[in-house]
Amino acid sequence: MIKIQKNVLIAFLALIIFFEPTYISILPHEGILYNILKLITALFILIYFIKRKKTLSISQILVLVGELIVLVFTILNNGQIESEFLNFIMLGTLVLLIELYSDDFISLLEALMLHFELCIYINLGSLILFPERLFSRSNVAYGATYEWFLGSRNSFISWLLPGLIIALIYRFYKRKSMRWLCLIVGIFVTQLFQTSSTLIVSSTIVLCLAVLPYFNRVFRPTISFCISMVIQFVIVILNNVKFLAPIVESILGKNLTFTNRTTIWKNAINHISIFRGYGKLQSDQVAEILGNFGNYIWKGATHAHNQLLNLGFQGGIILIIITLVIYYIAFWKLEYFWNSPIARVYSFGLFAYIIAGYTEVTNHLLLQMIVILPLVVEKTIITMDDNVQFKRIILK
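As the structure is a prediction and not an experimental result, all values here were calculated from the model.

Digging into the overall build of the protein chain
Inference 1: Along its length, the protein chain carries 19 helices and four strands.
Inference 2: Projected onto its principal axes, the C-alpha positions of the protein chain cover 65 × 50 × 50 Å.
Inference 3: Of all 396 residues assigned to the protein chain, the portion counted as buried reaches 52%.
Inference 4: Contacts spanning at least 24 positions in sequence make up 72% of the contacts within the protein chain whose residues lie at least 6 apart.
Inference 5: Taking the average location of the 30 positive side-chain charges in the protein chain and that of its 20 negative ones, the two points are 6 Å from each other.

If you want it as structure tokens, here you go:
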């Protein structure tokens, strides 16, 4: 008989609102029911947070301020107000939930692991049973879609990358369990069926850095932050991508325009202001701005195809600065705890998250968890003794 601890069960139930597989989301009336569940869960977590007299750190507050900026500009530009308001509530709920469980992180980790196992294994089953596609929808930009339990292959990264990081962290909390290894195998087997270039690169980076001893020792958070920002500046701002030709053209089989992303980046840069943003506009409005290729409008340009540029487009340069400050704080904390293998996994995960943001928008809530978790690392990190017991490390 499987026994589930009370705190794990509560965490599992609270996390349901963040794990909404695409196949479930298309069911009749599911959207209304899920939105009601999201609001109820958010209210309960907020009340419990206040009751526990918990407080947020500056970095956690900055996460919420950043999303609030997007919400304000969305309202001012009459964009997707309902969608962005719900997203703001969801992000705030995730931040509060992680802070609430910072004193009992192992229960939250168990619940996260179970959610990722269920979603990733079911998705893998749908790929095996329906290799062509589980279902299809009509899309203006791409025509008929090919989707499985977790959606199209381009959306797999939102589930598989955070799932990979949680699995790698789980092994240090539950050393006798092999669940982490099984999940990692499931993640990479999934990519044998369907994947995207961004997922291949980011998941390979995380696994190699976490496993190979040399990188594990020298690829420190400060180095990760500097390298990721320099590469971002070179390929996106300076538009110098020739040095990536061996990887992009030879290995990934893509062209050096990153499937026309360079044009979208230029359009985004031209529409970024210091203190002004567009918020979350309707998809066709975004395509009119970012998808302007001169002689035609590409309807698939519904976002900037770059996380920092998309943030700048939605919230101005001020939002980019806030985001970079959050990255810096996370890496600084991980640098402090670099001797812990758990801190190293967080660092490698955050580095891969930033790399993935070069060509995709990584604002999915599960992906943002990669940034939020290191912000409470001083409360959740542990050391192991020979009896596989754990104790908390307190930041001095």
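Alright, that's what it looks like, and here's the rest.
Some points on the packing of aromatic side chains
Centre-to-centre distance and the angle between the planes together describe a pair of aromatic rings.
Inference 1: Taken as a whole and judged by the stated rule, the model has 14 aromatic pairs.
Inference 2: Look at Y336 and F337: their rings are 5.0 Å apart centre to centre, the planes differ by 75°, and that puts the pair in the edge-to-face class.
Inference 3: Grouped by ring-pair contacts, the aromatic residues F19, F116 and W159 constitute a single cluster.
Inference 4: We note R276 situated over the ring of Y278; from NZ or CZ to the ring centre the distance is 5.2 Å.
Inference 5: Its end group placed over the ring of W338, R344 keeps NZ or CZ at 5.9 Å from the ring centre.

Comments concerning the nonpolar core
Inference 1: Residues F18, F19, F116 and L290 are the most contacted members of the largest nonpolar core, which totals 121 residues.
Inference 2: Ignoring sequence-local partners within four residues, the contact set of L290 consists of I264, N267, A268, A301, H303, A304 and F313.

Points about the packing of helix 6 (residues 105-129) against helix 7 (residues 157-173)
Inference 1: Contact pair helix 6 / helix 7: the axes reach a minimum separation of 10 Å and the direction vectors enclose 135°. Classified by the angle their axes make, helix 6 and helix 7 are oblique. Crossing handedness for the pair helix 6 and helix 7: left-handed. Contacts between helix 6 and helix 7 pair F105, I106, L109, E110, L112, M113, F116, C119 and I120 from the former with W159, L160, P162, G163, I166, A167, I169, Y170 and Y173 from the latter.
Inference 2: Partitioning the contact of helix 6 with helix 7 into residue classes produces 16 nonpolar, one polar and one charged.

Observations concerning the pattern of salt bridges
Inference 1: Scanning all chains against the criterion turns up 13 salt bridges.
Inference 2: For K174, the salt bridge goes to E110, with nearest N and O atoms at 3.5 Å. On the criterion of sequence distance, the pair formed by K174 in the loop between helix 7 and helix 8 (179-193) and E110 in helix 6 is long-range, its members being 64 residues apart.
Inference 3: Looking at E110, the relative accessible area reads 15%, which means it is buried.

Re the packing of helix 11 (residues 221-237) against helix 16 (residues 317-336)
Inference 1: Between helix 11 and helix 16, the shortest axis-to-axis distance is 8 Å and the interhelical angle comes to 155°. With respect to helix 16, the axis of helix 11 lies roughly antiparallel. Taken together, the residues of helix 16 that come into contact with helix 11 (itself represented by P221, T222, S224, F225 and M229) are L324, Y327, Y328, F331, L334 and E335.
Inference 2: Among the residues making up the contact of helix 11 with helix 16, the classes are represented as eight nonpolar, two polar and one charged.

Topic: the confidence of the model for the protein chain
Inference 1: Across the protein chain, the average pLDDT comes to 90, with 92% of residues at or above 70.
Inference 2: Per-residue pLDDT stays below 50 along residues 384-396; that stretch engages in 29 contacts with residues further than four places along the chain or on separate chains.

A look at helix 13 (residues 261-270)
Inference 1: Turning to helix 13, its buried residues number three or more, namely R261, T262, I264, W265, N267 and A268.
Inference 2: Against the buried residues of helix 13 lie helix 11, helix 14 (283-290) and helix 15 (307-315).

A closer look at empty space enclosed by the protein
Inference 1: What the rule picks out here adds up to two cavities of 30 Å³ or more.
Inference 2: Its boundaries defined by the atoms lining it, the largest cavity holds a volume of some 60 Å³.
Inference 3: In this structure, the largest cavity is lined by P162, I165, I166, Y346, G349, L350, M369, I370, L373 and P374.
Inference 4: Going through the elements one at a time, helix 7, helix 17 (341-356) and helix 18 (365-372) are the ones with two or more residues in the lining of the largest cavity.
Inference 5: Of the residues assigned to the lining of the largest cavity, the class counts are nine nonpolar, one polar and no charged.

Rules used in this analysis
- Counting of residues starts from 1 at the beginning of each chain's written sequence and follows it residue by residue.
- Thresholds applied to this predicted model are a pLDDT of at least 70 for local features of residues and 80 or more for the giving and counting of side-chain atom pairs; totals over whole chains, interfaces and linings are not thresholded and use all residues.
- Only heavy atoms go into the side-chain values, all of them from the structure, while hydrogens and water stay out.
- Segments assigned H or I by DSSP are reported as helices when at least four residues long, segments assigned E as strands when at least two residues long, and all are numbered from the N terminus.
- Residue burial is assigned from relative accessible area. The probe radius is 1.4 Å, only protein chains are included, and a residue is buried under 20% of its type maximum, exposed over 50%, and partly exposed in between.
- Residues count as neighbours in contact if any of their non-hydrogen atoms are within 4.5 Å of one another.
- When charges are counted, Lys and Arg contribute as positive and Asp and Glu as negative, whereas His and the chain ends are disregarded.
- Lysine's charge is taken at NZ, arginine's at CZ, aspartate's at CG and glutamate's at CD.
- Geometry of aromatic contacts follows a simple scheme: Phe, Tyr and Trp rings, the Trp one being its six-membered ring, pair when their centres are within 6.5 Å, and the pair is stacked under 30 degrees between planes, edge-to-face over 60, tilted otherwise.
- Whether a charge sits over a ring depends on NZ of Lys or CZ of Arg being within 6 Å of the ring centre and within 35 degrees of the ring normal.
- Among the buried residues, those of types Ala, Val, Leu, Ile, Met, Phe, Trp, Tyr and Cys that are joined through side-chain atoms within 4.5 Å form a nonpolar core.
- Whenever a helix is involved, its axis is fitted only over the stretch in contact; in every case the axis is a line through C-alpha atoms, and angles between N-to-C directions fall within 0 to 180 degrees.
- Orientation labels follow simple angle bins: below 35 degrees gives roughly parallel, above 145 gives roughly antiparallel, 65 to 115 gives roughly perpendicular, and whatever is left gives oblique.
- Each crossing gets its handedness from the near helix: less than a right angle anticlockwise from the far helix is left-handed, clockwise is right-handed.
- The nonpolar class holds Ala, Val, Leu, Ile, Met, Phe, Trp, Tyr, Cys and Pro. Asp, Glu, Lys and Arg form the charged class, and all remaining residues, Gly among them, are polar.
- Each salt bridge in this description consists of a side-chain nitrogen of Lys or Arg and a carboxyl oxygen of Asp or Glu lying within 4 Å of one another.
- Values of pLDDT, which run from 0 to 100, indicate the predictor's confidence residue by residue.
- Residues are said to line a cavity or pocket when one of their atoms sits within 4 Å of a point; the points come from a 1 Å grid over protein atoms alone, cavities being sets where a 1.4 Å probe fits but cannot get out and pockets being open sets with protein on both sides within 12 Å along at least five of seven lines.
- Grid points are joined across faces, edges and corners, and a volume is the space filled by probe spheres set on the points.

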